[in-house]
Structures are given as C-alpha cells and as structure tokens.
Amino acid sequence: MKSEFAFINRIRAQAARYPQAGLVHGIGEDAAVIGQRQSHVTLVTTDLLVEEVDFKLSYAPPRCLGHKALAVSLSDIAAMGGRPRYSLLTLGIPPACGEAFWGEFFIGYFSLAERYGVGLIGGDTSAAPDRLVIDSIVIGDAAMNSVVCRSGAQIGDDIYVTGKLGQSAAGLELLRRGERLREEADSPAQRALRAHLMPEPPIRFGRYVASRGLAHAMIDVSDGLAQDLAHLCQESGVSAIIDFEAVPVAAGAKLVTDSSEAAFTLAISGGEDFELLLTMSRDAESALVSTANDCQVRLTRIGEIVAVDKNEPATRLWLRRQGQLEPLAVQGYDHFAQYSGFHSDKEAATEN
C-alpha cells in the first residue's frame, strides 16, 4: 500500500457513499459526532478477530472476512433488540495484506453494511508485524423501554432458538479437512462453509421481537448454545431444561460427525452460529411465531426455564431425554483455554 493516509482516504471515500441520518461528522475528525435521539438508548459492542486464533487467511477469502468482521458485531446488537447504526473499524495490518486484499475485504464489509443501513464512521490503523488484527465496533440504538437483556428470564418461560445449530462448527471442520468455498456452488458442505465464513444473524427478527415485547431475555449464540444459555441463566438466576429431540441440529453437523449424539454435541457446543436464543411467556407464542414468519426466520422451541435446584445449585442446564433429566455439561469456546493446555487456537475448540 502507498501509505497509511492513502489507505484511510480510500476507506473514507467508500464510507461517504453511504450517508447516515443523525451523523454530524464522520471520518476525518478526531472523533465522530452523532446526534442524540430522545427516548432512545445507545448500544455499543466490540469484537476482536485475531489471525490464527479466530480465522486463518489460508481459508478465509478477504471478501468473506470483511463480511464476518461486521456480522459478528451486528449479532450483538440484534441480541439486545436494537437497530445497528454506525460502525468503527481498527486494523493491525501485516505486510502480507496488500491492496488487492483490502479491495476485496471492503467489498464484503460495505455490502453487509449497506444492507442494514450501517455507516462506517471511524477507527484506526497500524502496522502489525505478522498477524492481521481486526477490532470491530458497532453502535446501535433502541427505544428505552424495549431493550432485551440476558437477565430477564422468568421461571416458566419457554426457550426458543432461531435457525439450525452446528452449521458453522461443521463449516470450520470442513475447512480444517481441506474443503474450500466455491462461488455459486450449493451443497450441504458449501452451505456449512458459508455459515462459518459469512454468517447471517437474524437482525431484523431481534429488533421486532424487542419492539413487540415478545422476549423476557435474549442472547446471541456465539460461543455455543450450552455456554450462551448458561450465561443467560446465570444472569437471570434460573436454570434451564433442554429437550434432546427438539434441538435443531444442522445438516452440516451430521455431515462431519459419525452419530446423532456427536452431531448434537457439536450443535450445542460448536459456537459461531450467530443465531438468537430467547425466553418468553408461553401465552406470547403465537405472536412470536408470527414475527418469525414475517422475518422468514426458522424458530424452534427447545426447552423451558425452571428454578435452580437447591440440591444442585451449581447445575444450570439439564438435558431431558425420553422423559429423564440429566445434568448437561457446559461446553463452548473459551479464548483463554489455551493457557490451561486444552487448545492451541480457536480452530481446535470445536473438537470437544
């Protein structure tokens, strides 16, 4: 690349094609200036993607990487029931990533940003010695009384999840086996690869659920269903029962495993599905299903919220199989697991 400032000016020119309502000053000032909206709250989320930990350039096409860098943060805004408005992007750039790489990266990034009306308003750049580092920040908003948190689950709530689970983890496993994404190709394997490389969070559904008051608690499935449901239960002070037969296991999970049990384990612990997990009162089910249909989102009831068992207070999750309950081990991705000697990088985490 010619220089850091030429690179920034190139991004600035691309961002200027998508003007945002409420933005007073964007890229070019020391800080972005955003107009405030009455009766709304601001949502801010950030995600850090590190080469060889969260992705590998050997299998992640730059256009897909640009898409995913934004998608993972959009998913967090969706989980709070908000509308994404603005983004910031900070890049640690190694010598291997040149002009052609960034041309493709920003095609993927801005294509997704345009679809959801998100404006890139700033960030930072620096040289990195050997690995690409991407810090994605998204700013959104929501009506003050409609934000959905993890802490609102109530005893007696039903538990729902969007989409199918384990597809992204299956895609990662296929990449590790040497499969690569082929443009326009369509097969169970290719759909799994796309789920991992270019996730599509149900952003509109999250916003509608919140604005219609249909969820007591919500979280996105980024670290695995079991782990994220455990987070929700911990914040709400409750436990949960998952029905084995009800969990929507993706075809990809069955493709890379040798049994229904292994496919189920991958589906609940693989992570990076970026679907939405929510709890709601049973009497709101018809409205929730109608909302899912409006948004063309698959929705599945997978269990229920229950009180914490006083005899086993440490057990947050239970698995119900053929009418019998058993404790469900919480498995999912942990960035620091490598320090305990369990995994050397994120790619190994799906081998649980």
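Residues numbered from 1 in each chain as written. Predicted model: local features only at pLDDT ≥ 70, side-chain atom pairs only at ≥ 80, totals over all residues. Heavy atoms only, no water.

Student: Would you mind showing me how to read the pairing of strand β13 (residues 324-327) here?
Tutor: Both strand β12 (residues 317-321) and β13 contribute to a ladder of four bridges, which runs antiparallel. Counterpart to Arg-320 in the pairing with β13 is Leu-325. Here β12 hands over to β13 after two residues, with Gln-322 in that stretch at a positive phi of 50°. (Pairing = 2+ DSSP bridges. Helix = DSSP H or I, 4+ residues; strand = E, 2+ residues; numbered from the N terminus.)

Student: Honestly, the nonpolar core in this entry has me stumped. Any pointers?
Tutor: Core analysis: the largest hydrophobic core is formed by 49 residues, its most contacted members being Trp-102, Phe-105, Phe-106, Ile-134 and Phe-205. Discounting residues that sit within four places of it in the chain, Phe-106 has contacts with Phe-7, Ile-11, Gln-14, Leu-89, Leu-91, Ser-111 and Leu-120. Ala-170, Leu-172, Val-221 and Ala-253 belong to the second-largest nonpolar core, a separate cluster that totals 44 residues. (Core = buried A, V, L, I, M, F, W, Y, C linked by side-chain atoms within 4.5 Å. Buried < 20%, exposed > 50% of the residue type's maximum accessible area, 1.4 Å probe, protein only. Contact = heavy atoms within 4.5 Å.)

Student: What am I meant to see in the pairing of β12 here?
Tutor: Direction of pairing for strand β9 (residues 239-243) relative to β12: parallel, over a ladder of four bridges. Note that in β12 the partner of Ile-242 across the bridge is Leu-319.

Student: Would you take a moment to explain the pattern of salt bridges for this structure?
Tutor: Opposite charge on two side chains permits them to pair, given that their charged atoms come into close proximity. Under the definition given, this model contains 17 salt bridges. The partner of Glu-104 in a salt bridge is Arg-63, and the shortest N-O contact between them spans 3.0 Å. In this pair, Glu-104 sits in helix α3 (residues 99-115) while Arg-63 sits in helix α2 (residues 62-79), placing the two residues 41 residues apart along the sequence. Across the salt bridge formed by Glu-261 and Arg-321, the nearest N and O atoms sit 2.8 Å from each other. (Salt bridge = Lys/Arg side-chain N within 4 Å of Asp/Glu carboxyl O.)

Student: For this particular structure, what's the right way to read the packing of α2 against α3?
Tutor: Helix packing geometry: the angle between the two helix axes and the distance between the axes. At their nearest, the axes of α2 and α3 sit 6 Å apart, and the two run at 35° to each other. Note that α2 runs across α3; the crossing there is right-handed. Residues Pro-62, Arg-63, Leu-65, Gly-66, His-67, Ala-69, Leu-70, Ala-71 and Leu-74 of α2 form the contact with α3, whose participating residues are Phe-101, Glu-104, Phe-105, Ile-107, Gly-108, Tyr-109, Leu-112, Ala-113 and Arg-115. Across the contact of α2 with α3, the residue classes tally to twelve nonpolar, three polar and three charged. (Axes fitted to C-alpha atoms, helices over the stretch in contact; angles between N-to-C directions. Left-handed = near helix turned anticlockwise from the far one by under 90°. Nonpolar A, V, L, I, M, F, W, Y, C, P; charged D, E, K, R; others polar.)

Student: What exactly am I supposed to notice about the sheet that holds strand β3 (residues 40-50) here?
Tutor: By way of backbone hydrogen bonds, the strands of a sheet pair with one another, either parallel or antiparallel. Spatially, four strands are ordered β3-β6-β4-β5 in an open sheet, and the strand pairing comes out mixed. The strands lining the two open edges of the sheet, one partner per strand, are β3 and β5 (119-127). On average, adjacent strands in this sheet sit at an angle of 15° to one another, irrespective of strand direction. Across eight bridges, the pairing between strand β4 (residues 83-93) and β5 is parallel. Its bridge partner lying in β5, Ile-93 is registered against Ala-127. Its contacts with the sheet place α2 against β3, β4 and β6 (133-143), and it is angled at close to 35° to β6.

Student: Any chance you could explain the sheet that holds strand β8 (residues 217-221) here in plain terms?
Tutor: Strand order in this open sheet of seven strands is β8-β10-β7-β11-β9-β12-β13, and the pairing throughout is mixed. Looking at which strands have only one partner, the edges of the open sheet turn out to be β8 and β13. Across the sheet, the mean angle separating the axes of adjacent strands is 30° when strand polarity is ignored. Two elements, strand β7 (residues 158-162) and strand β10 (residues 275-280), share four bridges in a ladder whose sense is antiparallel. In the strand pairing of β10, Tyr-160 is matched with Leu-278. Across the face of the sheet, α2 comes into contact with β8 and β10 while running at roughly 165° to β8.

Student: What should I look at first to understand empty space enclosed by the protein in this one?
Tutor: Any empty space left between atoms is shown by rolling a water-sized probe over those atoms. For the structure shown, the criterion picks out three cavities of 30 Å³ or more. Of the voids in this model, the second largest cavity is the one considered here, and its volume is about 50 Å³. Around the second largest cavity, the lining residues are Asp-54, Phe-55, Tyr-59, Ala-60, Cys-64, Leu-65, Lys-68, His-196 and Leu-197. Taken together, the elements giving at least two residues each to the lining of the second largest cavity come down to α2 and α5 (188-197). Here the element with the most residues in the lining of the second largest cavity is α2; it accounts for three residues. Looking at the lining of the second largest cavity, its residues break down into six nonpolar, one polar and two charged. (1 Å grid on protein atoms, 1.4 Å probe; cavity = no way out; pocket = protein on both sides within 12 Å on 5 of 7 lines; lining within 4 Å. Points joined across faces, edges and corners; volume = space filled by probe spheres on them.)

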